[in-house]
Amino acid sequence: MSTAAPEGGTAAISQAGAEVRLSGVNKWFGDHHVLRDINLTVKPGEVVVLLGPSGSGKSTLCRTINRLETIDSGSVQIDGAEIPAEGKALAELRSEVGMVFQSFNLFAHKSVLENVTMGPIKVRGKSKREARELAEALLKKVGVVNQADKLPAQLSGGQQQRVAIARSLAMRPRVMLFDEPTSALDPEMITEVLDTMASLAKEGMTMIVVTHEMGFAREAADRVVFLADGAVVEENTPEEFFTNPQSDRAKDFLGKILNH
Amino acid sequence: MSYFDQFSRLFADYDVVGAFWVNIQLTFWAAVFAFLIGAVVALMRISPVPSLRLLGGAYVHIVRNTPLTILMVMAVLALWTQMHITLSTDFKQNFFNFAVAMLSIYHAAFVCEAIRSGVNTVPLGQAEAARSIGLGFLPTARLIIFPQAIRGAITPLGNALIALTKNTTVAAAASVAEASVMMKKMIEFDSDVIFAIFMTFALGFVIIVIPVGLITTWASRKWAVKR
């Protein structure tokens, strides 16, 4: 896996997106069949939004792509290569798949800057100076460069989540996973995070986004995948999905969330 | 004889400070080694490798449930007398080293559990975030989990240190001339001032231990991880 990409500067923060292919993925939590025979291909540079009622398996699905969740059968491939089961190879893969969590998960004992430079220094072996330059460029891009020396707890939720995005981008990922990135945010903080994500989408990043933000799905997504009870029920362009859902489950779901 | 005279007689006839100094030295070295061993055992107990977890768990359960006195006596009678293992060519230093070794092995089990309770204060998301940027198990433990776990473990580690400080008196069973040995000697030869003898050693330990408690309370507040 080559990671050749121009260094430094605010331009070319991300590199060419990768293809993600899930085929026949099944997963059980005990007796509970959380993922049922999932087949999903996300093309390079595509932005796919996973929608579905709670408990439909969308977060679990998202987490299988960097193997934070293991699968019981099927395969997950990134650019045609099966993701490794464990060890160094898995760590290497994870470094190329960015992940943004609902609860931000910034390293609580490290400053904002250290959060972003950690990966480049410890995983990529960059010099401190190089990592710092990259981190400052990324923090500038997400609009929190003036908070670089603070601890995560001193930032607002929206700022923390943007730092988390910068931390992922510092690894120059080929795929970005967003697991309900705005669900823990106060309403007035949501836009700033969604804007950051939308600008990433424009740059051609492959993105898989679990969200309840229908506005983001409509504007930034290339495709909406609707899950219910662990299975893909419907997938379509956002326009088609929102205006003309085919399945009863999707109609029911949209009826419940769009009527307010 | 007034209490003041009693105390001054004891302090004039015996090197009380020197005896306590032995306890402080035992405490220091045993704390260092117990921390190192305990950290390794804690790492084993949280590792993803089942055999290491089993080994770490077995260590804690066996060592923690063995009386320290038995470990001390075993060191001297089994390891030294029978198996001729020595930890120093110097006769007195040998016993001192055995006492440090046994105190370290014993208290490592408690340090391990204190660290593990600290690990439980670190949200799972911290490890997931570390893994998701490509850090492996050991770098994740060293850079992300342990620094936060230790801060969350300051209070239980302080408790372990206090217990260790007082348990250094058990080193008497390994023939180390520390404070409790001197106390026995005083009781033997100066039993007319028995109250002063007890007060000397009780207060001596209180004076050593109180700062430990104060410092750990202060430190646990100062270094608390803000979430």
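Residues numbered from 1 in each chain as written. Chains lettered and ligands numbered in written order. Predicted model: local features only at pLDDT ≥ 70, side-chain atom pairs only at ≥ 80, totals over all residues. Heavy atoms only, no water.

**Focus on the overall build of chain B**
Turning to step 1, where the next piece is worked out: The helix and strand inventory of chain B stands at 10 helices and zero strands.
Turning to step 2, where the next piece is worked out: Overall, chain B shows an N-to-C arrangement of helices and strands of α-α-α-α-α-α-α-α-α-α.
Turning to step 3, where the next piece is worked out: The proportion of buried residues among the 227 residues of chain B is 45%.
Turning to step 4, where the next piece is worked out: Within the structure as shown, chain B displays about 11,600 Å² of accessible surface, and the carbon and sulfur contribution to it stands at 71%.
Turning to step 5, where the next piece is worked out: When the 16 positive and 10 negative side-chain charges of chain B are each reduced to one mean point, those points stand 22 Å apart. (Helix = DSSP H or I, 4+ residues; strand = E, 2+ residues; numbered from the N terminus. Buried < 20%, exposed > 50% of the residue type's maximum accessible area, 1.4 Å probe, protein only. Areas by Shrake-Rupley, 256 points an atom, 1.4 Å probe, with all protein chains shown as cover. Lys, Arg positive; Asp, Glu negative; His and termini not counted. Charge placed at Lys NZ, Arg CZ, Asp CG, Glu CD.)

**Some words on the layout of surface pockets**
To find leftover empty space, one rolls a probe the size of a water molecule over the atoms.
Turning to step 1, where the next piece is worked out: By volume, the largest pocket amounts to about 840 Å³.
Turning to step 2, where the next piece is worked out: Forming the walls of the largest pocket are 28 residues, and the residues nearest its centre are Arg94 of chain A together with Ile46, Pro48, Arg131 and Phe137 of chain B.
Turning to step 3, where the next piece is worked out: Elements with a contribution of two residues or more to the lining of the largest pocket: helix 2 (87-96) of chain A together with helix 5 (91-119), helix 6 (124-132) and helix 7 (137-152) of chain B.
Turning to step 4, where the next piece is worked out: Looking at the lining of the largest pocket, the element that brings in the most residues is helix 2 of chain A, giving five residues.
Turning to step 5, where the next piece is worked out: Reported here for the second largest pocket is a volume of approximately 310 Å³.
Turning to step 6, where the next piece is worked out: Broken down by secondary-structure element, the contributors of at least two residues to the lining of the second largest pocket are helix 2 (16-46), helix 5, helix 8 (154-167) and helix 10 (194-222) of chain B.
Turning to step 7, where the next piece is worked out: Among the elements that take part in the lining of the second largest pocket, helix 8 of chain B stands out by supplying six residues, more than any other.
Turning to step 8, where the next piece is worked out: Class assignment for the residues of the lining of the second largest pocket results in 13 nonpolar, three polar and no charged. (1 Å grid on protein atoms, 1.4 Å probe; cavity = no way out; pocket = protein on both sides within 12 Å on 5 of 7 lines; lining within 4 Å. Points joined across faces, edges and corners; volume = space filled by probe spheres on them. Nonpolar A, V, L, I, M, F, W, Y, C, P; charged D, E, K, R; others polar.)

**Thoughts on the packing of helix 2 of chain B against helix 10 of chain B**
Residue and element names in this part refer to chain B.
Turning to step 1, where the next piece is worked out: Following both chains from N to C, one finds helix 2 and helix 10 inclined at 45°, their axes separated by 11 Å at the closest point. Classified by the angle between their axes, helix 2 and helix 10 sit oblique to one another. Of the two elements, helix 2 crosses helix 10, and the hand of that crossing is right-handed. Contacts between helix 2 and helix 10 involve Val16, Phe20, Asn23 and Ile24 from the former and Thr200, Phe201, Gly204, Phe205 and Ile208 from the latter.
Turning to step 2, where the next piece is worked out: Tallied by class, the residues present in the contact of helix 2 with helix 10 amount to six nonpolar, three polar and no charged. (Axes fitted to C-alpha atoms, helices over the stretch in contact; angles between N-to-C directions. Parallel < 35°, antiparallel > 145°, perpendicular 65-115°, else oblique. Left-handed = near helix turned anticlockwise from the far one by under 90°. Contact = heavy atoms within 4.5 Å.)

**A short note on the pattern of salt bridges**
Residues and elements named next belong to chain B.
Turning to step 1, where the next piece is worked out: For the coordinates displayed, the defined rule picks out 20 salt bridges over all chains.
Turning to step 2, where the next piece is worked out: A salt bridge links Arg45 to Glu113; the shortest N-O distance between them is 2.9 Å. One end of the pair, Arg45, is in helix 2; the other, Glu113, is in helix 5, and 68 residues separate them in sequence. (Salt bridge = Lys/Arg side-chain N within 4 Å of Asp/Glu carboxyl O.)

**Quick look at helix 8 of chain B**
Residues and elements named next belong to chain B.
Turning to step 1, where the next piece is worked out: When the terminal C-alpha atoms of helix 8 are compared, their 20 Å separation across 14 residues agrees well with the 20 Å that a helix rising 1.5 Å per residue should span.
Turning to step 2, where the next piece is worked out: Regarding helix 8, the residues found buried are Ile154, Leu157, Gly158, Ala160, Ile162, Leu164 and Thr165.
Turning to step 3, where the next piece is worked out: Packed against the buried residues of helix 8 are helix 2, helix 5, helix 7 and helix 10. (Expected span 1.5 Å × (residues − 1).)

**A few points about the side chain of Arg162 of chain A**
Residues and elements named next belong to chain A.
Turning to step 1, where the next piece is worked out: Topologically, Arg162 is positioned in helix 5 (residues 157-169).
Turning to step 2, where the next piece is worked out: With relative accessibility at 11%, the residue Arg162 sits in the buried group.
Turning to step 3, where the next piece is worked out: Looking at Arg162, its side chain comes within polar contact range of the main-chain oxygen of Val142, at 2.9 Å.
Turning to step 4, where the next piece is worked out: In terms of polar contacts, Arg162 uses its side chain to reach the side chain of Glu192, at 2.8 Å.
Turning to step 5, where the next piece is worked out: The contact partners of Arg162, leaving out residues within four places of it in the chain, are Val142, Gly143, Val144, Glu192, Val193 and Thr196. (Polar contact = N/O pair within 3.5 Å; in protein donor to acceptor, adjacent residues only side chain to side chain.)

**A closer look at the UniProt feature "transmembrane region" (unreviewed entry) in chain B**
Turning to step 1, where the next piece is worked out: The feature "transmembrane region" (unreviewed entry), as given by UniProt, occupies residues 20-44, 65-83, 95-115 and 193-219 of chain B in the numbering adopted here.
Turning to step 2, where the next piece is worked out: Across residues 65-83 of chain B one finds 79% helix and 0% strand; the C-alpha atoms that close the span lie 24 Å apart. (UniProt positions renumbered as here; feature names shortened; annotations may be inferred.)

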